[in-house]
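Summary of the model geometry
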Amino acid sequence: MVDADLLRSLAIDPLELDPAPLWTSCGRAGIERLDGRRPCVRCGRPSSAAGVVETPEHGRRWVDRCIPCLVATTPRDGPQAPLTEPLAVLREAARTAGVALTTAADGV
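Residues numbered from 1 in each chain as written. Predicted model: local features only at pLDDT ≥ 70, side-chain atom pairs only at ≥ 80, totals over all residues. Heavy atoms only, no water.

1. Some details on the pattern of salt bridges
Considering all chains together, one arrives at 7 salt bridges under this definition. Residue Asp35 is joined to Arg37 by a salt bridge in which the shortest nitrogen-to-oxygen separation is 2.7 Å. Note on Arg37: relative accessible area 68%, which makes it exposed. For the salt bridge of Arg60 with Glu54, the shortest nitrogen-to-oxygen distance reads 3.6 Å. If you follow the salt bridges from partner to partner, you end up with Asp18, Arg33 and Asp64 in one network. (Salt bridge = Lys/Arg side-chain N within 4 Å of Asp/Glu carboxyl O. Buried < 20%, exposed > 50% of the residue type's maximum accessible area, 1.4 Å probe, protein only.)

This is how it looks when you write it as structure tokens:
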């Protein structure tokens, strides 16, 4: 789902959302947002997931959702990019750590 499509499906005006930082500082800022004080943009319950959308007109904005609303508004099309490279990195990290790894991609 394109960010603008997500905002339309949630009936959200991007100007109602808090500005979000650049990707380089987004991880820590996202964790800090999970303090239970921000409402879900869809239902108003305390949010438990912080995401970022970006539109050309409004820049990067936070989208705070509770888990049920996150699941309800997450596309189920499957991965858009091939998993070969991410799985190779994951397998190498597991091998280096001495951990046995089995993924759903292994057909188990």
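2. Quick look at the nonpolar core
Membership of the largest hydrophobic core is limited to 7 residues, which are Leu6, Leu7, Leu10, Ile12, Leu17, Val53 and Val63. When sequence neighbours within four positions are dropped, the list of residues in contact with Val53 reads Asp3, Leu6, Leu7, Leu17, Gly59, Arg60, Arg61 and Val63. (Core = buried A, V, L, I, M, F, W, Y, C linked by side-chain atoms within 4.5 Å. Contact = heavy atoms within 4.5 Å.)

3. Here we look at the state of the cysteines
Scanning all chains against the criterion turns up 0 disulfides. No disulfide involves Cys43; its nearest neighbouring cysteine sulfur is the one of Cys66, lying 3.7 Å away. Residue Cys43 is classed as partly exposed on the basis of its relative accessible area of 38%. Not part of a disulfide, Cys66 finds its nearest cysteine sulfur in Cys69, a span of 3.6 Å. Judged by relative accessible area, which is 3%, Cys66 ranks as buried. (Disulfide = S-S within 2.5 Å.)

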